[in-house]
Amino acid sequence: MAEKSVIDAEQAIDEIDPDMYDGLLLADGFDAALIGVGFRFAHAVAIYDKQLCLRILETRDKMPPDEAEEFFDFNVAGAHMGDHTPVYVEQWIGTTRRH
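Given the structure is predicted, the values throughout are model-derived calculations rather than measurements.

## Observations concerning the overall build of the protein chain
Helix and strand content of the protein chain: 3 helices and 3 strands. Overall, the protein chain shows an N-to-C arrangement of helices and strands of α-β-β-α-α-β. Contacts in the protein chain between residues far apart in sequence, at least 24 positions, make up 45% of those at least 6 positions apart. As presented, the protein chain carries roughly 6,800 Å² of accessible surface, and 55% of it is formed by carbon and sulfur atoms.

Structure representation (C-alpha cells):
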C-alpha cells in the first residue's frame, strides 16, 4: 500500500481558494490525518481520520493505544472551537475498528 504523502494543509488551502475556506481551523500536528474539508451549514470545517490521528499520537508522542485514545477524545476531539471546529471521522468501510 502506498504511503499517504503529508501535505502542508495551510498552503494547499491558500492555493485552492482561501476565501472559500474562510475561518477554517486546523488541528496542530495532524496534517497527515487531514482527509478533506466539509461544510457545516455555511462554515468550512477540516475533516480528519480519527484512526490516523491516534496513530500519530502513538508513533510521534510514543503513547500507548489506550492513552492515545483518552488524550485524543479529551484534548483533540473534545476541544470545541466554535462553528469551525474540525470533524473527526471514524471510518467503518474497509477498515478494522479499534473497539
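## Some details on helix H2 (residues 50-60)
For H2, the full list of buried residues reads Lys50, Gln51, Cys53, Leu54, Ile56 and Leu57. On its buried face, H2 is in contact with strand E2 (43-49), helix H3 (65-76) and strand E3 (87-89). Regarding H2, its N-cap is Asp49, as a side-chain oxygen of that residue lies 2.8 Å from the backbone nitrogen of Gln51 further along. Two residues or fewer past H2, Lys62 is found with a positive phi of approximately 55°.

## Observations concerning the pattern of salt bridges
Tallying each qualifying case throughout the model produces 4 salt bridges. Note that Lys50 and Asp73 form a salt bridge whose closest N and O atoms lie 3.8 Å from each other. Of this pair, Lys50 sits in helix H2 while Asp73 sits in helix H3, placing them 23 residues apart in sequence. A salt bridge links Arg60 to Asp61, with the shortest nitrogen-to-oxygen separation between them at 2.9 Å. The class of Arg60 is partly exposed, set by a relative accessible area of 42%.

## Regarding the sheet that holds strand E1 (residues 34-40)
The 3 strands lie next to each other as E1-E2-E3, forming an open sheet whose pairing is mixed. Whereas interior strands pair on both sides, the edge strands pair on one side only; in this sheet they are E1 and E3. Adjacent strand axes in the sheet meet at a mean angle of 35° when their direction is disregarded. Sheet topology places E2 next to E3; 3 bridges connect them, and they run parallel. Looking across to E3, one finds that Ile47 is bridged to Val87.

The rules we used
- Residues numbered from 1 in each chain as written.
- Predicted model: local features only at pLDDT ≥ 70, side-chain atom pairs only at ≥ 80, totals over all residues.
- Heavy atoms only, no water.
- Helix = DSSP H or I, 4+ residues; strand = E, 2+ residues; numbered from the N terminus.
- Contact = heavy atoms within 4.5 Å.
- Areas by Shrake-Rupley, 256 points an atom, 1.4 Å probe, with all protein chains shown as cover.
- Buried < 20%, exposed > 50% of the residue type's maximum accessible area, 1.4 Å probe, protein only.
- Polar contact = N/O pair within 3.5 Å; in protein donor to acceptor, adjacent residues only side chain to side chain.
- Salt bridge = Lys/Arg side-chain N within 4 Å of Asp/Glu carboxyl O.
- Pairing = 2+ DSSP bridges.
- Axes fitted to C-alpha atoms, helices over the stretch in contact; angles between N-to-C directions.

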